[in-house]
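Analysis of the macromolecular model
Read off the chains here:
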Amino acid sequence: MRIATFNVNGITSRLPALLQWLDETGPDVVCLQELKAPQEKFPEPAINAAGYQAIWHGQKSWNGVAILARGQLPIETGRGLPGDPDDAQSRYIEAVVDGVLVAGLYLPNGNPAPGPKFDYKLKWFERLITHAAELIDSGADTVLAGDFNVMPTELDVYKPERWVDDALFRPEVRAAFHRLLAQGWCDALRTMHPDETIYTFWDYFRNAYGRNAGLRIDHLLLSPGLAPALKAAEVDRDVRGREKPSDHAPVWIELDLEGRP
DNA sequence: ATGACACGGCTTCCGTGA
């Protein structure tokens, strides 16, 4: 089973690039972030025509997340991260596909830090940690996939010293990510590439992609029971170099679920 | 310290992103 995550930076603008990538790589499950489209503007017919069914949580202009499954409808288990009924931002959606619980998330950016946006990021992160602990305790085979807006270590930033005060790299944010991992989650991409410089995002500015001035902020985390099934984890880096690209590249994992109950 | 690029929208600029 191949599960991918892709921050598309606008589903409407990115639709041709998304459809091309789906056609070329055919992942079984895809988590999308930054739809930047209201619920009624999600291009469901085009997604269906590509062989996928989808659930999504839209929002006008900002945020928005979706889960696509090839040839079947994801069975939704939740939308909106638990812990704050007043949170109106569409950043979390959760579903079961072929017995695997998939949580698609778009963690807040948090800049500028300090400030109210950074406070919201930290609070959102705490809610995620709380909910992730419940998912671990449930024993379900789970993948947390999405744009976490966190570079976990210095290996994940092209120039760490320039990012120490940024909301994506501040110590408290990295600490939160490591507290999350400490629950037992496996960082799939880093596990398969322990020492490699490997990025998932390149700024549109200053020829960042050409200079490989990137960040690793899109992650797939596996629950303890799923970690032994991990066979591959890669970034479809070339997608970032195409016409009208997102600033993120798709990231995917391959799980060998054969012989599982 | 600033701004570069791209997105959506109440579009001819603004707020936001990372």
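In this text, all values refer to a predicted model and were calculated from it rather than measured experimentally.

Broken down by element type, chain A carries 5 helices and 14 strands. In terms of overall size, chain A behaves like a compact globule, its C-alpha atoms giving a radius of gyration of 17 Å where 261 residues would be expected to give roughly 18 Å. Its C-alpha atoms put chain A at 45 × 45 × 40 Å along the principal axes. With 261 residues in all, chain A has 55% of them scored as buried. Summarising the internal contacts of chain A: among those between residues at least 6 apart in sequence, 68% fall at separations of at least 24. Side-chain charges of chain A comprise 27 positive and 37 negative groups, with the mean position of each set lying 6 Å from the other.

So, on to the UniProt feature "active site" (unreviewed entry) in chain A. Cross-referencing UniProt, the feature "active site" (unreviewed entry) maps to Tyr-106, Asp-147 and His-248 in the present numbering. The annotated residues occupy 143 residues of the chain but converge on a single region, no pair of C-alpha atoms lying more than 12.7 Å apart. Of the annotated positions named here, the largest pocket is lined by Tyr-106, Asp-147 and His-248. For Asp-147, the contacting residues outside a window of four places in its chain are Asn-7, Gln-33, Leu-105, Tyr-106, Leu-107, Ile-217, Asp-218 and His-248. Mapped onto the fold, His-248 is located in the loop between β13 (230–235) and β14 (251–255). On the basis of relative accessibility, which here comes to 3%, the residue His-248 falls in the buried class. Contacts of His-248, omitting those with residues within four sequence positions, involve Phe-6, Asn-7, Asp-147, Thr-200, Phe-201, Ile-217, Asp-218 and Arg-240. Polar side-chain contacts of His-248 include one of 3.4 Å to the side chain of Asn-7.

With that settled, consider the packing of aromatic side chains. Under the defined criterion, the tally for this structure stands at 5 aromatic pairs. Consider the rings of Phe-6 and Trp-21, whose centres lie 5.4 Å apart with planes at 65°: the pair is edge-to-face. On the criterion of sequence distance, the pair formed by Phe-6 in strand β1 (residues 2–7) and Trp-21 in helix α1 (residues 11–25) is long-range, its members being 15 residues apart. This pair shows no difference in class: Phe-6 is buried, exactly as Trp-21 is. Relative to Trp-163, the ring of Tyr-158 lies with its centre 6.2 Å away and its plane at 80°, an arrangement referred to as edge-to-face. For Tyr-158, a relative accessible area of 29% gives the class partly exposed. We classify Trp-163 as buried; its relative accessible area is 15%. Here the guanidinium or amino end of Arg-2 rests over the ring plane of Trp-252, the centre of that ring lying 3.7 Å away. It is Arg-170 that lies over the ring of Phe-118; its NZ or CZ is 5.1 Å from the centre.

Before going further, it helps to examine the packing of helix α3 (residues 116–138) against helix α4 (residues 171–181). Running from N to C, α3 and α4 cross one another at 10°; their axes reach a closest spacing of 10 Å. Taken together, α3 and α4 sit at an angle that is classed as roughly parallel. Judged by residue contacts, Phe-118, Lys-121, Leu-122, Phe-125, Glu-126, Leu-128, Ile-129 and Ala-132 of α3 engage Glu-172, Val-173, Ala-176, Phe-177, Arg-179 and Leu-180 from α4. Counted by class, the contact of α3 with α4 contains 10 nonpolar, no polar and 4 charged residues.

Strand order in this open sheet of 6 strands is β5-β6-β7-β8-β12-β9, and the pairing throughout is mixed. Each edge of the open sheet carries a strand with a single partner, namely β5 (75–79) and β9 (186–187). Of the strand pairs in this sheet, strand β8 (residues 142–147) and strand β12 (residues 218–222) are connected by 5 bridges, and their pairing is antiparallel. Looking at β12, one finds that Asp-147 is bridged to Asp-218. Strands in contact with α3 are β6 (92–97), β7 (100–106) and β8; relative to β6, the strand with the most contacts, it is inclined by about 20°. In the packing of α4 onto the sheet, contacts are made with β8, β9 and β12, and the angle to β12 comes to roughly 25°.

What counts, and where the lines are drawn
Residues numbered from 1 in each chain as written. Chains lettered and ligands numbered in written order. Predicted model: local features only at pLDDT ≥ 70, side-chain atom pairs only at ≥ 80, totals over all residues. Heavy atoms only, no water. Helix = DSSP H or I, 4+ residues; strand = E, 2+ residues; numbered from the N terminus. Rg over C-alpha atoms; globule rule 2.2 N^0.38 Å. Buried < 20%, exposed > 50% of the residue type's maximum accessible area, 1.4 Å probe, protein only. Contact = heavy atoms within 4.5 Å. Lys, Arg positive; Asp, Glu negative; His and termini not counted. Charge placed at Lys NZ, Arg CZ, Asp CG, Glu CD. UniProt positions renumbered as here; feature names shortened; annotations may be inferred. 1 Å grid on protein atoms, 1.4 Å probe; cavity = no way out; pocket = protein on both sides within 12 Å on 5 of 7 lines; lining within 4 Å. Polar contact = N/O pair within 3.5 Å; in protein donor to acceptor, adjacent residues only side chain to side chain. Phe/Tyr/Trp six-rings, centres within 6.5 Å; stacked < 30°, edge-to-face > 60°. Lys NZ or Arg CZ within 6 Å of the ring centre and 35° of its normal. Axes fitted to C-alpha atoms, helices over the stretch in contact; angles between N-to-C directions. Parallel < 35°, antiparallel > 145°, perpendicular 65-115°, else oblique. Nonpolar A, V, L, I, M, F, W, Y, C, P; charged D, E, K, R; others polar. Pairing = 2+ DSSP bridges.

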